[in-house]
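Here's the letter readout for the chains.
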Amino acid sequence: KLRQLKNFAAEQPTTHAGHHMRRLIRNKMWSNADLLQSMEGLTVDDVQTCLRSFFSQCYIEGLMHGNITTQEGVSIMESIERMLIEKGGARPDPSLRHDLLRDVQLPDGCSVRFEAINKVHKSSCVETYYQVGMEETRPNVLVELFCQLIKEQCFSVLRTQKQLGYIVSSNVRRSCGSQGIRVLVQTEKDAKMVETCIEDFLRGCRDFLVDLSDDLFTKQVEGMKTRRLEKPKNLGQETSKYISEINSGHCNFNRDQIEMACLETVTKDDVIQFYDDYVALGAKKRRKLCVYILPETGNVAVEADTSSDEVDGGLLGTPELVGDIDRFKSGLSLFPQVRPFSVESQSHDDGVPPLRSQL
């Protein structure tokens, strides 16, 4: 672990961008630098003392999946509990289950930027995140469908046409029950110019969606349904899906069926309205967080055909610059605690018949 923490400085800028994005969004997270500093002077006795009290308070969750009966599964869990209590001195504490991580809720209309230095690599990375809100059935479907619709266009414009860098991606970002849209570029070019290109691409997405034919939209929807409803190829894949639901706290074990039933009701106009609400420049619900990872030598010079006005302002406006991450988060609200999925907690304005989630 110590070697891993020390080697973090040499990781790619994309890795650093993801690390700092998590630090900015999660209510509780230690940076790699904090962890490395805490290990200074650590002794074997310190580790042994920690191990003796490690199970003093614990909460256990388990998944028994496969060729096993309910009675056998309960028996296995009881055996594990007895071992932890008798040999580990464990004291069960169910309240720990409710101490899940939560994400900060960015204010509507905000634009925030954080910058960090990578002392090893010469390239930069720009990661932009447009926060939508909490995970629920219909928002989940709209976020995922929007990202699928713009995925090829994003790569074509930012990678092929503008040649910003070899690593260009756009996808759904989900964490601790909240979600949004992420666009990431690792580049040798000026970071501010790259962010401007990302904004320019997103500005053009509305026309792209409006011009999208009904046939192509239907093919995208059918493609999403086929991918999501594909049966797991083995027991391990199926188990991983169930474990993810448990770890997230959602416990929506029929997620694919429930969300794909909702997808049937989504129209192209719904996606355009989603864009207007959360992505469009000036949208009231737009919440943007951007991370720059810059080389120690500074940004590469801006391309000669790019005006200074376009780089310094225009599409980017005047973002709030974050210096102290903890201070930044202390002034923000947190999203609600993730609750296990229930039909009653979902909105059914779309007319979809409710499906219950069970395992």
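In the block above lies the structure referred to throughout.
Residues numbered from 1 in each chain as written. Predicted model: local features only at pLDDT ≥ 70, side-chain atom pairs only at ≥ 80, totals over all residues. Heavy atoms only, no water.

*Asks:* Even after reading the chapter, I still don't get the overall build of the chain, so can you show me in this structure?
*Replies:* Counting its regular elements, the chain contains 13 helices and eight strands. Out of the 359 residues belonging to the chain, those deemed buried represent 41%. Across the chain, contacts joining residues at least 24 apart in sequence account for 84% of those joining residues at least 6 apart. As displayed, the chain offers around 20200 Å² of accessible surface, 50% of which is attributable to carbon and sulfur atoms. (Helix = DSSP H or I, 4+ residues; strand = E, 2+ residues; numbered from the N terminus. Buried < 20%, exposed > 50% of the residue type's maximum accessible area, 1.4 Å probe, protein only. Contact = heavy atoms within 4.5 Å. Areas by Shrake-Rupley, 256 points an atom, 1.4 Å probe, with all protein chains shown as cover.)

*Asks:* Please clarify how the nonpolar core should be interpreted in this entry.
*Replies:* As a rule of thumb, nonpolar side chains are buried together in soluble globular proteins. Counting 48 residues, the largest nonpolar core has L145, F146, L158, I198 and V271 as its most contacted members. Contributing elements (two or more residues each) for this core: strand 3 (124–134), helix 6 (137–161), strand 5 (178–187), helix 7 (191–211), helix 8 (214–229), helix 10 (255–263), helix 11 (268–278) and strand 6 (288–295). The dominant element in this core, judged by the number of residues it contributes, is helix 6, at 11 residues. Excluding residues that lie within four positions of it along the chain, F146 makes contacts with I181, L209, V271, F274, Y275 and V279. Among the nonpolar cores identified, the runner-up in size contains 20 residues, and M21, F114, Y129 and V322 belong to it. (Core = buried A, V, L, I, M, F, W, Y, C linked by side-chain atoms within 4.5 Å.)

*Asks:* Before we go on, may I ask you to explain the packing of aromatic side chains in this structure?
*Replies:* Aromatic ring pairs are described here by two measures, namely the spacing of the ring centres and the angle between the planes. This structure, assessed with the given rule, holds four aromatic pairs. When the ring of F146 is compared with that of Y275, the centres are 6.3 Å apart and the planes differ by 40°; the resulting orientation is tilted. Placement of the pair is F146 in helix 6 and Y275 in helix 11, with a sequence separation of 129 residues. Accessibility assignment for this pair places F146 and Y275 in one class, buried. Measuring from centroid to centroid gives 5.9 Å for Y242 and F253, while their planes differ by 80°, and the two rings are edge-to-face. Pair noted here: Y242 is in helix 9 (residues 235–248) and F253 is in the loop between helix 9 and helix 10, with a separation of 11 residues, a long-range link. (Phe/Tyr/Trp six-rings, centres within 6.5 Å; stacked < 30°, edge-to-face > 60°.)

*Asks:* Quick question: what am I supposed to make of the pattern of salt bridges here?
*Replies:* For side chains of opposite charge, pairing can occur when their charged atoms come near one another. Tallying each qualifying case throughout the model produces 21 salt bridges. Where E259 meets R228, a salt bridge forms, and the shortest distance between an N and an O atom there is 2.8 Å. Here the residue E259 occupies a position in helix 10, and R228 occupies one in helix 8, the gap between them amounting to 31 residues. One exposure class covers both E259 and R228, and it is buried. A cluster of three or more residues bridged by salt bridges with shared partners is formed by E144, R227, R228, K241, E245, R255, D256 and E259. (Salt bridge = Lys/Arg side-chain N within 4 Å of Asp/Glu carboxyl O.)

*Asks:* It is not clear to me how unusual backbone geometry should be interpreted in this structure. Could you clarify?
*Replies:* Of all residues except glycine, most have a negative phi; of all peptide bonds, most are trans. Of note in this structure, Q163 is not a glycine but carries a positive phi near 50°. Looking at where Q163 falls in the secondary structure, it is placed in the loop between helix 6 and strand 4 (167–175). On the accessibility criterion, Q163 (54% relative accessible area) is exposed. In this structure, C251 is a non-glycine residue whose phi angle is positive, near 55°. Along the chain, C251 falls in the loop between helix 9 and helix 10.

*Asks:* Explanation requested: the packing of helix 6 against helix 7 in the structure shown.
*Replies:* Packed helix pairs are specified by the crossing angle of their axes together with the interaxial distance, meaning the distance between the axes. At a minimum axis separation of 10 Å, helix 6 and helix 7 run at an interaxial angle of 125°. With respect to their mutual orientation, helix 6 and helix 7 come out oblique. Once helix 6 is placed against helix 7, the crossing between them reads as right-handed. Side by side, helix 6 and helix 7 meet where F146, L149, I150, Q153, C154, V157 and L158 of the first sit next to C197, I198, F201, L202, C205, F208 and L209 of the second. A class-by-class count of the residues in the contact of helix 6 with helix 7 yields 13 nonpolar, one polar and no charged. (Axes fitted to C-alpha atoms, helices over the stretch in contact; angles between N-to-C directions. Parallel < 35°, antiparallel > 145°, perpendicular 65-115°, else oblique. Left-handed = near helix turned anticlockwise from the far one by under 90°. Nonpolar A, V, L, I, M, F, W, Y, C, P; charged D, E, K, R; others polar.)

*Asks:* Please clarify how helix 7 should be interpreted in this entry.
*Replies:* Helical geometry note: an α-helix holds 3.6 residues per turn, so side chains three or four residues apart project in the same direction. Given a rise of 1.5 Å per residue, 21 residues ought to cover 30 Å, and the 30 Å separating the end C-alpha atoms of helix 7 matches this to within 8%. Along its length, helix 7 reaches its greatest deviation from straightness, about 30°, at C205. If you check the start of helix 7, you find a side-chain oxygen 3.1 Å away from the backbone N of K192, and it comes from D190. (Expected span 1.5 Å × (residues − 1). Bend = angle between axes of the 7 residues up to and from the residue. Polar contact = N/O pair within 3.5 Å; in protein donor to acceptor, adjacent residues only side chain to side chain.)

*Asks:* Would you explain the sheet that holds strand 5 in this entry?
*Replies:* Within a sheet, adjacent strands bond to each other through the backbone by hydrogen bonds, running parallel or antiparallel. Strands sit in the order 4-5-3-6-2-7 across an open sheet of six strands; the sheet is mixed. Each of the sheet's edge strands pairs with one partner strand only, and the pair in question is strand 4 and strand 7 (320–322). Shown here is a sheet whose adjacent strand axes are inclined to one another by a mean of 20°, direction ignored. Pairing between strand 2 (residues 111–118) and strand 6: eight bridges, direction parallel. What sits directly across from F114, in strand 6, is V291. In this fold helix 7 packs onto strand 2, strand 3, strand 5 and strand 6, with an angle of close to 40° to the strand it touches most, strand 3. (Pairing = 2+ DSSP bridges.)

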